Each structure stands twice: as C-alpha cells, then as structure tokens.
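Structure at a glance
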Amino acid sequence: MSGHNGHSHEGVSDHHNVDQPQQDMGELLQQIMVITEDSLDEAQARKHALNCHKLKPALFSVLCAIKEKTALRVRDVPEEEPPDTQELRLDNMLLAEGVAGPEKSRSATAAALAAATGGSSSDDSSEHADYREKLAQIRMIYHTELDKYEQACNEFTSHVMNLLREQSRTRPISPKEIEGMVSIIHRKFSAIQMQLKQSTCEAVMILRSRFLDARRKRRNFSKQATEILNEYFYSNLANPYPSEETKEELAKKCSITAAQVSNWFGNKRIRYKKNITKFQEEANMYAIKTALDASSHTSQASSPATPNSGEYPASCYTPDGML
DNA sequence: GAGAATGATTAGTC
DNA sequence: GACTAATCATTCTC
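Residues numbered from 1 in each chain as written. Chains lettered and ligands numbered in written order. Predicted model: local features only at pLDDT ≥ 70, side-chain atom pairs only at ≥ 80, totals over all residues. Heavy atoms only, no water.

1. Considering the protein's contact with DNA strand B
Defined as follows: Only a single heavy atom is needed: when it lies within 4 Å of a molecule or strand, its residue is near that molecule or strand. Identification of polar contacts relies on pairs of N or O atoms within 3.5 Å, with a donor-acceptor requirement for protein atoms, meaning one able to donate a hydrogen and the other able to accept it, and with residues adjacent in sequence counted only if both atoms are side-chain atoms. In DSSP terms, a helix is any run of H or I states spanning at least four residues, a strand is any run of E spanning at least two, and both are numbered starting from the N terminus.
Around DNA strand B, the surrounding shell holds 11 residues, and the nearest of these are R218, Q260, N263, N267 and R271. Take W264: an N or O atom from its side chain is 3.4 Å from a phosphate oxygen of DNA strand B. In this structure, a phosphate oxygen belonging to DNA strand B sits 3.2 Å away from a side-chain N or O atom of K278. Looking at which element gives the most residues to the surface near DNA strand B, the answer is helix α11 (residues 258-274), with 5 residues.

The structure is reproduced here in structure tokens:
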C-alpha cells in the first residue's frame, strides 16, 4: 500500500502530510471492501496471479527461512510417546477374552470359562453357547467400530494433508509440520479408540459377571456324593473337620471341588448341631452302615477298623464338639 | 404353590 | 485362613 504513495509524498506541505495517513487508511479500507465483494472466481484469479508472481518463489523461501529461524512453528508436536499402560492392559484383556486378535475356538472359550468358574472345561452346556454367542456379538461390534474409526481417521488425515499441501503453496508449511498435524489427528483418533476398547472391556466384564451369576445356580449333589460325604461326617462325628487332604480326596470321590466339600461340611455341622434329634435317624443309619462295612473288612482281611469308623456313636457329638 | 431341603454367600470371630 | 451363624436363592417334595 505504501508502495503506491510512498515517493509521491516527498516535498508536500505539512498540512498535506497530516492528511496523508487518513487518506491511506481510506484507500486500504476501500480495497478490503472490494476484496470482500469479489466473487469466488475473482478471488481464485487473484490467488493465481499471486502464485505466478515472479517474486513469489524468492519471497516464499525467505518466509520459510524466517519461520524456521524464529521457531514460528504452528505447533510443536512432541516426540513419540511411550505406549500407554492402560491401553496395553485393555489390549491384553481384549486379546485374552478373544475379542481382539484371532477368534478363539469353542474349546478354548469353554476352557477359559471353566478356569474362571472353577468348573469343568468339558461342560459344553447351553450356558456356554449363550456366552459364546454374546461374546461373538461384542467381538463383531468391536471390529465394526474399529474399522469405522480407522476409515474415518484415514479419510480425515488425507483430507487435512491435502488442505495443508494446498495451503503450503501460499504460506510456509514444512513437511514436518504436516507430519505433526497427522500425528495430532492420529492421537485424537486413538483416544476415541481407547474409549471403544474401554467400553468393550466393560461389556465383556458385565457378560462374565452375568454368566458367573448364572453358574451360581444351585445344583444338588448326586446321591452318591451326598452318601460319601454323610458317611465321612457320621463316621467322624466327634471331630467332623476333614483335613485339606481329606477334603481333596472326598472332592475327587464326589466329583465336586474341595471348596464345595468345605461348604457341605460347614452347612452339615451347623444343621446337625441345631437339630440333633432330627438327624438322629440318619446318624444311626450311617453308624450301622459303617459298622457293617468295618466288620466285613475285618472278616475279610482281619485288619482293624479305620480310626474313626464307629469309634464314636453318632449321638455323642454335641454342639460343643464334646463327647 | 408352600414348605422343606440344600448349596452358596457373607459378616464376624478366633 | 478356617470356622460359625445367618441368610439367600434355588431345587425338591408333597
């Protein structure tokens, strides 16, 4: 602007010099008004003219150099950050659950469930089928959303890159800056992905807890198992506290877990103690049974009876555990 | 369907 | 950590 009038003002009167800035300002405003009234085509034409100007390459390189020296970078992008531990944890969980990575086989899913529930891995019940079906749904949704995010990220990145490349013709934008912007976009999208991973993990956890609750449904032990447990209980009425080894042994015999054996003995002790008279008949029956078993063993092998078998009459167990 | 029986869970104690 | 006592939730029996 000053190039227009700079030299022509020399030698003009003081009065004129005072008025000159106001006149320049007026012209400037006028030009701005004209620019805003330009059509798109006119603006493009001006832009083209500017790009074709013989001084443009020189001025542009000077601008780039100034920008480089004065560190007038758009945004300083931090170097590669260390992988987020929470994201790693989520990734591992999704991998372990078979949501991410290769799909788990039916047997692998059943085994994982059995490990979580303490049940049998061979139990391919309808509950397992339900669990697998729900897990497959979660997996499908997760991958669909992940693909969407990746596609959106790629589209947005290429759009921004194109814009920046286009703009780099008229303003100094270094490839490093473009790279930095791409990195920012990727970080934003990976934050969204992180949310997706988190909600997927939550969905799996809810599914698991629901499944585990369903597993809590009580199922009576087999008659044979109850008989084995009762036999031990009434044979050891004076001290109905099986050791860990015995619990394991009984658990094996009854095809239940040692924890279930503990529960059973806990319940049995309490209920027996609360109502001895009610259990008297049962106690007598097992006492006779044990005695018969013992006598048959002695007659067969001439060996002594087991330490506890029949040693204490069933009715001798009192709430205090005393004889 | 009601009540009893039974396996599991939980809070408190030692 | 094992155990007791109370309680819950489900299954069994009538």
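From this point, the narrative continues.
2. Description of the protein's contact with DNA strand C
All residues adjacent to DNA strand C are R218, N220, Y241, E244, K247, R269, I270, R271, K273 and K274. Sugar and phosphate atoms represent 73% of those atoms of DNA strand C found within 4 Å of the protein. The separation between a base oxygen of DNA strand C and a polar side-chain atom of R271 is 3.4 Å. The greatest single-element share of the surface near DNA strand C, amounting to 5 residues, is contributed by α11.

3. Quick notes on the confidence of the model for chain A
Put simply, the test is: The pLDDT value expresses, per residue, how confident the predictor is, ranging between 0 and 100. In what follows, a contact means two residues having at least one pair of non-hydrogen atoms within 4.5 Å.
For chain A, mean pLDDT is 72; residues scoring 70 or higher make up 63% of the total. Scored below 50 in pLDDT, residues 1-15 makes 10 contacts in the model with residues more than four places away or belonging to other chains. Note that pLDDT drops below 50 for residues 117-124; the model gives that stretch 14 contacts with residues more than four away or on any other chain.

4. So, the nonpolar core
We apply this condition: The criterion is simple. A nonpolar core is a set of buried Ala, Val, Leu, Ile, Met, Phe, Trp, Tyr and Cys residues joined through side-chain atoms within 4.5 Å. With a 1.4 Å probe rolled over the protein chains alone, any residue whose accessible area is under 20% of its type maximum counts as buried; one over 50% counts as exposed, and the rest are partly exposed.
L229, F233, Y234, V261, F265 and Y272 are the most contacted members of the largest nonpolar core, which has 18 residues in total. Going through the elements one at a time, α9 (223-235), α10 (244-254), α11 and α12 (276-301) are the ones with two or more residues in this core. Here this core takes 5 residues from α9, the largest share from any one element. With sequence-adjacent residues up to four places away left out, L229 is seen in contact with F221, L250, C254, I256, V261, W264 and F265. The next biggest cluster of nonpolar side chains, apart from the first, holds 12 residues, and it includes L94, Y142, L146 and M194.

5. Overview of the packing of α9 against α10
Operational definition: Angles run from 0 to 180 degrees between N-to-C directions of axes, and those axes are lines fitted to C-alpha atoms, restricted for helices to the stretch in contact. For classification, angles of less than 35 degrees are called roughly parallel, those exceeding 145 degrees roughly antiparallel, those between 65 and 115 degrees roughly perpendicular, and all remaining angles oblique. We call a crossing left-handed when the near helix sits turned anticlockwise from the far one by less than a right angle, and right-handed when that turn is clockwise. The nonpolar class holds Ala, Val, Leu, Ile, Met, Phe, Trp, Tyr, Cys and Pro. Asp, Glu, Lys and Arg form the charged class, and all remaining residues, Gly among them, are polar.
Where α9 meets α10, the axes come as close as 9 Å, and the angle between the chain directions of the two elements is 150 degrees. As summarised for this structure, α9 and α10 are arranged roughly antiparallel, according to the angle between their axes. The element α9 and its partner α10 pack so that their crossing is right-handed. Between α9 and α10, the contacting residues are A225, I228, L229 and Y232 on the first element and T246, L250, K253 and C254 on the second. Per-class residue counts for the contact of α9 with α10 are 6 nonpolar, 1 polar and 1 charged.

6. So, the packing of α9 against α11
Running from N to C, α9 and α11 point in directions that differ by 55 degrees, and their axes come no closer than 11 Å. Here α9 lies oblique to α11, going by the angle between them. In the crossing of α9 with α11, the sense of the turn from one axis to the other is right-handed. Taking contact as the criterion, the partners of T226, L229, N230, Y232, F233 and Y234 in α9 are, on α11, V261, W264, F265, K268, R269 and Y272. A per-class count over the contact of α9 with α11 returns 8 nonpolar, 2 polar and 2 charged.

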